[in-house]
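Commentary on secondary and tertiary structure
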Amino acid sequence: MAIPAEKFRRVERRQTEAESIRRPSVSFWQDAWRRLKKNWAAMMGLYMIIFLVVMAIIGPWMTEHNYYETNLAEGKNLEPSGEHWFGTDELGRDVFVRTWWGARISLTIGITAALIDLVIGVIYGGISGYKGGRTDEIMMRIVDVLWGLPYLVLVILLLVVMEPGVFTIIVALSITGWLNMARVVRGQVLQLKSQEFVMAARTLGADTKRLMMKHLIPNTMGPILVILTLTIPTAILSEAFLSFLGLGVQAPVASWGTMITDSTVVILTDEWWRLFFPAFFLSMTLLSFNLFGDGLRDALDPKMRK
Amino acid sequence: MSRYIGKRLVLMLVTLWVISTLTFVLMHSIPGDPFSSEKKLPKQTLENLKAKYHLDEPLPVQYVLYMKNLVMFDLGVSIKSETRTVNEYISDGFPVSAELGAYSMILALVLGIGMGVLAAFRQNKLADYNVMVLAVLGLSVPSFVIAPFFQKWFGGDWLPLMGWGDFKHAILPAVALSFLPLALVTRLMRSSMLEVMGQDYIRTARSKGLPPWRVITRHTLRNAIMPVVTIIGPLAVGILTGSFVIEHIFSIPGIGKYFVDSVLNRDYSLIMGITIFYSALLILVNFLVDLAYGLIDPRIKVGGKEAN
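Residues numbered from 1 in each chain as written. Chains lettered and ligands numbered in written order. Predicted model: local features only at pLDDT ≥ 70, side-chain atom pairs only at ≥ 80, totals over all residues. Heavy atoms only, no water.

We now examine the overall build of chain A. Helix and strand counts for chain A stand at 12 helices and zero strands. Helices and strands in chain A line up, N terminus first, as α-α-α-α-α-α-α-α-α-α-α-α. The burial tally for chain A puts 50% of its 306 residues in the buried class. For chain A, the share of sequence-separated contacts (at least 6 apart) that also reach a separation of at least 24 residues comes to 70%. Accessible area for chain A stands at about 16300 Å²; split by element, carbon and sulfur atoms hold 62% of it. (Helix = DSSP H or I, 4+ residues; strand = E, 2+ residues; numbered from the N terminus. Buried < 20%, exposed > 50% of the residue type's maximum accessible area, 1.4 Å probe, protein only. Contact = heavy atoms within 4.5 Å. Areas by Shrake-Rupley, 256 points an atom, 1.4 Å probe, with all protein chains shown as cover.)

Next comes the structure, spelled out in structure tokens:
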């Protein structure tokens with residue numbers, strides 16, 4: 001089948017247009033945010049985190065009750081009502097206020113421990129990966145030795161030695177918590193430092209500090225953020241676990257772990273609200289950080305880029 | 001290979017030494033001594049007690065003594081019970097904890113691999129979503145939250161609420177204990193299956209006309225199961241620490257319960273003994289897993305230069 005020549009029209013070639021970039025330039029972080037927004041589960045996690053943070057701040061002030069005020073005369077084990085929204089516990093304390101007070105403690109511990117892990121892990125891993133050779137070998141052997149320890153057993157040992165309380169838990173969790181961060185940062189730095197852009201920067205006269213702060217660490221930001229998000233639920237879970245065993249936050253301060261311990265007797269009685277509310281919000285917190293962290297990992301993983 | 005094993009054994013011993021020294025220092029850095037919290041004892045009794053446990057000696061002497069006994073696998077006497085040795089506690093509690101842990105591990109591996117494979121084959125379909133929801137819940141709902149609800153819902157005549165005896169006593173705690181490991185195995189198995197299913201060699205196997213089940217069993221599963229072997233170590237840690245709360249909730253006389261009790265009673269020799277025992281156990285598990293991994297995956301040369 002022949003097509004007559006006049007049917008063809010020559011496309012004018014314009015040099016400038018061919019070179020121009022039509023789409024707006026999208027930075028890595030904008031791209032990641034766009035992918036994250038499309039991820040239904042991750043966004044739900046984010047909204048849940050915002051809800052929990054807001055409630056942790058305003059929750060304890062929403063009623064006139066406080067977390068330690070007891071009412072042994074007539075306020076014991078009351079069902080949820082207009083007066084006590086989540087009911088009361090065996091000492092007549094308001095479960096609503098105690099639940100959100102517990103949220104404050106959990107979130108404080110989770111976020112603080114994760115930030116301390118971040119600082120120690122990034123510095124340690126960064127030095128180890130950047131120096132390489134002998135230093136790296138020794139530093140990673142130390143990590144290997146600590147890695148072989150059962151994390152919670154070590155934390156428990158530290159709690160035996162120190163005064164129980166929120167501060168102690170944060171210290172105990174961060175002494176062993178930074179290992180994962182250090183390993184990942186070291187791996188990333190090791191991989192990045194042999195790449196051309198680092199050599200280029202060095203050729204242009206960048207010193208070690210500049211290389212670290214401007215080139216290596218920012219390029220590791222993705223995995224660091226993901227680990228940071230996933231460290232928070234681990235720390236929160238550890239605190240609840242320790243408090244459940246009676247090693248964490250001490251009475252009368254409310255923590256989800258201690259509230260759950262105090263209410264495990266409900267298997268014999270019917271005061272379901274005492275177990276349900278702390279258990280529900282603890283699980284919701286862990287769930288939201290896990291969902292958000294997973295979504296963040298998918299959004300930041302360059303291999304997932306389409 | 002033997003050089004690698006030798007190197008690993010040395011590292012294991014060093015780790016164990018670090019741990020036992022660390023525990024010793026930690027336990028002796030506490031102000032006072034194990035008897036200072038006791039009811040007022042006569043001065044002479046107190047001194048006799050201290051002499052009995054060598055607490056009157058200077059710290060370095062105590063350390064050398066402790067290490068000497070440790071090498072002979074003697075972990076000393078429980079300070080609070082006075083008659084039972086730490087070794088007795090461990091030999092009583094370990095079989096119970098090991099049985100419970102083994103059930104949980106098997107449950108997590110078998111169910112987790114099964115669900116992970118199912119989810120991968122039904123990617124983005126209903127079965128996949130269900131499995132993934134279950135896995136995320138397993139990660140988010142702690143075992144000490146699940147356990148009381150289990151007791152409330154299922155506990156009754158034929159599933160005992162607590163205690164330890166025959167197999168039916170193990171069902172509820174084992175299931176509660178396996179939730180977290182199950183979730184981890186499921187997620188890992190699913191992503192590993194998906195990765196393997198996209199590989200060229202699977203396409204090759206299919207295009208040369210192998211029946212689908214053969215592709216799955218001989219090519220996909222065999223490769224996808226590798227990463228699961230590597231997390232057996234972390235799983236063991238999870239089950240071990242999980243046993244602290246589960247044995248506590250279900251009143252099971254295992255080491256986890258002894259450990260928690262010893263911490264709450266400040267029974268220092270028992271705390272030290274169980275910590276060292278746990279560490280040795282985990283170091284051994286990690287070592288065996290690494291060796292097994294080298295045997296299963298011919299691409300990995302154990303002892304070769306680590307690839308980064």
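The next point concerns the overall build of chain B. Of the regular secondary structure elements, chain B holds 13 helices and zero strands. Along chain B, helices and strands appear, N-terminal first, in the series α-α-α-α-α-α-α-α-α-α-α-α-α. Counting only C-alpha atoms, chain B reaches 85 × 55 × 30 Å along its principal axes. Each of the 308 residues in chain B was classed as buried or not, and the buried ones make up 44%. Considering only contacts in chain B between residues 6 or more positions apart, those separated by 24 or more positions represent 73%. Of the roughly 16200 Å² of accessible surface on chain B, 65% is carried by carbon and sulfur atoms. Charge separation in chain B, taken as the distance between the mean sites of 28 positive and 21 negative side-chain charges, equals 12 Å. (Lys, Arg positive; Asp, Glu negative; His and termini not counted. Charge placed at Lys NZ, Arg CZ, Asp CG, Glu CD.)

As a further point, take the UniProt feature "transmembrane region" (unreviewed entry) in chain B. All names here are of chain B. Taking the UniProt record as the reference, the feature "transmembrane region" (unreviewed entry) is found at residues 9–30, 100–119, 131–150, 170–189, 224–250 and 270–296. In residues 170–189, the share of helix is 100% and the share of strand is 0%. The end C-alpha atoms are 26 Å apart. Within the segment residues 270–296, helix and strand shares are 100% and 0% respectively, and the terminal C-alpha atoms sit 38 Å apart. (UniProt positions renumbered as here; feature names shortened; annotations may be inferred.)

Here we take up the packing of aromatic side chains. Using the criterion set out here, one finds 18 aromatic pairs over all chains in the structure. Consider the rings of tryptophan 100 of chain A and phenylalanine 281 of chain A, whose centres lie 4.7 Å apart with planes at 55 degrees: the pair is tilted. Of this pair, tryptophan 100 of chain A sits in helix α4 (residues 95–131) while phenylalanine 281 of chain A sits in helix α12 (residues 272–300), placing them 181 residues apart in sequence. According to the relative accessible area criterion, tryptophan 100 of chain A is buried, its value standing at 1%. Where phenylalanine 241 of chain A meets phenylalanine 144 of chain B, the ring centres are 6.3 Å apart and the plane angle is 70 degrees; that geometry is what we call edge-to-face. Remark: phenylalanine 144 of chain B occurs in helix α6 (residues 143–154) and phenylalanine 241 of chain A occurs in helix α10 (residues 208–244); the pair is interchain, linking two chains. (Phe/Tyr/Trp six-rings, centres within 6.5 Å; stacked < 30°, edge-to-face > 60°.)

Moving on, we get to the UniProt feature "transmembrane region" (unreviewed entry) in chain A. Residues annotated by UniProt as "transmembrane region" (unreviewed entry) correspond here to residues 40–62, 105–127, 139–160, 166–185, 216–237 and 275–296 of chain A. Spanning residues 275–296 of chain A, this segment combines 100% helix with 0% strand, and its end C-alpha atoms are found 32 Å apart.

Our focus in this paragraph is the interface of chain B and chain A. In this complex, chain B contributes 41 residues to the contact, which on the side of chain A involves 39 residues. For the pair chain B and chain A, the two sides together bury roughly 3500 Å², of which 80% comes from carbon and sulfur. In this structure, the connection of chain B to chain A is made through one salt bridge. One salt bridge connects aspartate 294 of chain A with arginine 187 of chain B, and the closest N-O pair in it is separated by 2.9 Å. Along the contact surface separating chain B from chain A lie two residue pairs in polar contact (both at pLDDT 80 or more). When contributions to the side of chain B that touches chain A are tallied by element, the ones reaching two or more residues are α1 (2–28), α5 (126–140), α6, α11 (232–249), α12 (255–265) and α13 (268–296) of chain B. Per-element accounting of the side of chain B that touches chain A gives the leading share, eight residues, to α1 of chain B. (Buried area = accessible area lost by both parts, 1.4 Å probe. Salt bridge = Lys/Arg side-chain N within 4 Å of Asp/Glu carboxyl O. Polar contact = N/O pair within 3.5 Å; in protein donor to acceptor, adjacent residues only side chain to side chain.)

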